[in-house]
Amino acid sequence: MCDKNHNTITDPCEHHLTASNQYTYGDIEELANYLKERVSIQPQIGIICGTGLGAVTELLADPTIFDYKDIPKFPVSTVPGHAGRLLFGHIDGTPVISMQGRFHFFEGYPLWMCTMPVRLMKLLGVTTLILSNAAGGINPSFNVGDIMLIKDHINFVGFAGHNPLRGPNEDKFGARFVAVNDAYSRELLREAKAVAQGLGMKGVQEGVYACIGGPSFETVAELKLMHQLGADAVGMSTVHEVITARHCGIKCFALSLITNMCVMDYESDEKPDHLEILTVGKERENDVKILVKNIILRLAKIN
Ligand SMILES: O=P(O)(O)O[C@@H]1C[C@H](O)[C@@H](CO)O1
């Protein structure tokens, strides 16, 4: 055992248990420097691609690509539909960093690890984050293939005490307590709606995303509860990334691709299925790509 006298939970040592073994600010700074030494692009916009929605990265001209496995201290993707690559490039002149594959709580990663790339993006210069996910539709007026622009979330994982900001606060990123009543930028949501309308895109909805831990899908009773609480769609991601982004002052815009309608009837023989989710992602990824491209174009014009 070491002979140091560890008095605080923020003074970790490999021989002592600590309340949290988060990445420190210094760890993430090291990672940012590792990338800065290898790529000269300073990204303004960050993109996190949801399940089966990695095609958005095709928008990046002449990208510099890193496999997660080759970046020191970076987690790796384990879910089919998440390629596990970090890309730097430009979308119509705007410098962008994009994650083709995210980390989920159900993969076994603690939330502070799932969301580390958001803090990394912050240190690389990102001011706006665009997130996508695959989600099950709860609102009965939705259809498979709809794109739901997220206006708010219900954090069921958070209700159970799991929050990416749990543990010692990294003051250099943000304050201990963070307001999330305005988590999804009203301005970005307005712009996205205008873009979708301008493109004449069908099946674009607006709604509340509920986050569960997964990997099991929901029971009928859970879905009925979520519906009563005002959730329009349910998925297994995004919310932790948004909380981490808001903590360090990054603006967020998020969308869900409704890949399946949730089974809310005990008599139904239907079941949600990951392969089907990937198939719907494939069918609609081009529309998601067009929407994201045009939102970025519009942001470049108004900023
Ligand atoms: O990364 P997202 O939220 O798009 O992934 C969703 C939730 C599960 O990982 C998976 C279910 O098929 O898709």
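Throughout, a residue's number is its position along its own chain's written sequence, starting from 1. The model is predicted, so local features are restricted to residues of pLDDT at least 70 and side-chain atom pairs to those at 80 or more, both for listing and for counting; the totals for chains, interfaces and linings are taken over all residues. For the side-chain quantities, the full set of heavy atoms in the structure was used; hydrogens and water were omitted.

Visitor: Kindly report on the site of the ligand, identifying the contributing residues and their values.
Guide: Contacts to the ligand come from Gly 50, Thr 51, His 82, Arg 102, His 104, Phe 106, Asn 133, Ala 134, Met 236, Ser 237, His 274 and Ile 277. Whenever a nitrogen or oxygen atom comes within 3.5 Å of another N or O atom, the pair is scored as a polar contact, on the condition that within protein one atom can donate a hydrogen and the other can accept it, and that pairs from neighbouring residues in sequence are kept only if both atoms are in side chains. Contact distances for the ligand include 2.9 Å between an oxygen atom and a side-chain N or O atom of Arg 102. At a separation of 2.5 Å, an oxygen atom of the ligand approaches a polar side-chain atom of His 274. Protein contact buries 96% of the 340 Å² of open area that the ligand shows by itself. Here the term charged refers only to Asp, Glu, Lys and Arg, the term nonpolar to Ala, Val, Leu, Ile, Met, Phe, Trp, Tyr, Cys and Pro, and the term polar to all other amino acids, Gly among them. When grouped by side-chain class, the residues that make up the shell around the ligand number 4 nonpolar, 7 polar and 1 charged. Neighbouring residues are identified by heavy atoms, a residue being near a molecule or strand if any of them is within 4 Å of it. Here, Shrake-Rupley sampling with a 1.4 Å probe gives the accessible areas, and only protein chains in the shown set may cover a residue.

Visitor: Describe the nonpolar core, and please don't skip the residues or the numbers.
Guide: The definition of a nonpolar core used throughout is a set of buried Ala, Val, Leu, Ile, Met, Phe, Trp, Tyr and Cys residues joined through side-chain atoms within 4.5 Å. For each residue, the accessible area found with a 1.4 Å probe, counting protein chains only, is set against the maximum for its type, and the residue is called buried under 20%, exposed over 50%, and partly exposed in between. If you look at the biggest cluster of nonpolar residues, it comprises 52 residues, and the most contacted ones within it are Phe 74, Leu 86, Phe 88, Leu 120 and Leu 129. Only DSSP runs of H or I reaching four residues or more are called helices, and only runs of E reaching two or more are called strands; each is numbered from the N terminus. By residue number, the principal contributor to this core is helix α3 (residues 116-124), which donates 6 residues. Once residues within four sequence positions are removed from consideration, Phe 88 is found in contact with Leu 35, Val 39, Ile 41, Pro 43, Leu 60, Asp 62, Pro 63, Thr 64, Phe 66, Val 96, Ile 97 and Leu 124. Leu 53, Ile 130, Val 280 and Val 288 belong to the second-largest nonpolar core, a separate cluster that totals 29 residues. Whether two residues touch is decided by their heavy atoms; if any such pair falls within 4.5 Å, the residues are in contact.

Visitor: Tell me about the UniProt feature "domain: Nucleoside phosphorylase" (unreviewed entry) in the protein chain, residues and numbers included.
Guide: UniProt positions are given in the numbering used here, feature names are shortened, and annotations may be inferred rather than shown by experiment. According to UniProt, the positions carrying the feature "domain: Nucleoside phosphorylase" (unreviewed entry) are residues 45-296. The span residues 45-296 is 29% helix and 26% strand, and its two end C-alpha atoms sit 8 Å from each other.

Visitor: How would you explain the packing of aromatic side chains if you had to name every residue and give the values?
Guide: Pairing of aromatic rings covers Phe, Tyr and Trp, the last counted by its six-membered ring, and requires centre-to-centre distances within 6.5 Å; plane angles under 30 degrees mean stacked, over 60 mean edge-to-face, and any other angle means tilted. Scanning the entire structure with this criterion turns up 8 aromatic pairs. Taking the centre distance of 5.0 Å and the plane angle of 45° together, the rings of Tyr 68 and Phe 74 count as tilted. This pair shows no difference in class: Tyr 68 is buried, exactly as Phe 74 is. Measuring from centroid to centroid gives 5.4 Å for Phe 156 and Phe 159, while their planes differ by 80°, and the two rings are edge-to-face. Linking Phe 156 with Phe 159, this pair stays in helix α4 (residues 156-159), spanning 3 residues, or about one helical turn. Counting as a charge over the ring demands two things of the Lys NZ or Arg CZ atom: a distance within 6 Å of the ring centre and an angle within 35 degrees of the ring normal. One cation-aromatic arrangement involves Arg 38 over Tyr 34; the distance from NZ or CZ to the ring centre is 3.7 Å.

Visitor: A description of the pattern of salt bridges should follow, citing residues and the corresponding values.
Guide: By definition here, a salt bridge exists when the distance from a side-chain nitrogen of Lys or Arg to a carboxyl oxygen of Asp or Glu is within 4 Å. Under the definition given, this model contains 13 salt bridges. Salt-bridge contacts for Glu 187 lead to Lys 251; the nearest nitrogen and oxygen are separated by 3.1 Å. Here Glu 187, found in helix α5 (residues 186-198), pairs with Lys 251, found in strand β9 (residues 251-261); they are 64 residues apart in sequence, far enough to count as distant. Classification of Glu 187 by relative accessible area gives partly exposed; the value is 26%. Look at Lys 251 and you get partly exposed, because its relative accessible area is 32%. A salt bridge links Glu 206 to Lys 193, with the shortest nitrogen-to-oxygen separation between them at 2.8 Å. On the criterion of sequence distance, the pair formed by Glu 206 in strand β7 (residues 204-211) and Lys 193 in helix α5 is long-range, its members being 13 residues apart. The partly exposed category is assigned to Glu 206, whose relative accessible area is 30%. Taken together, the salt bridges that share partners define one network made up of Asp 27, Glu 30 and Lys 73.

Visitor: Can you break down the side chain of Ser 98 residue by residue, with the values?
Guide: Checked against the element boundaries, Ser 98 lands in strand β4 (residues 94-100). Not counting residues up to four positions away in its chain, the partners in contact with Ser 98 are Ile 47, Cys 49, Thr 57, Leu 60, Arg 85, Leu 86 and Leu 87.

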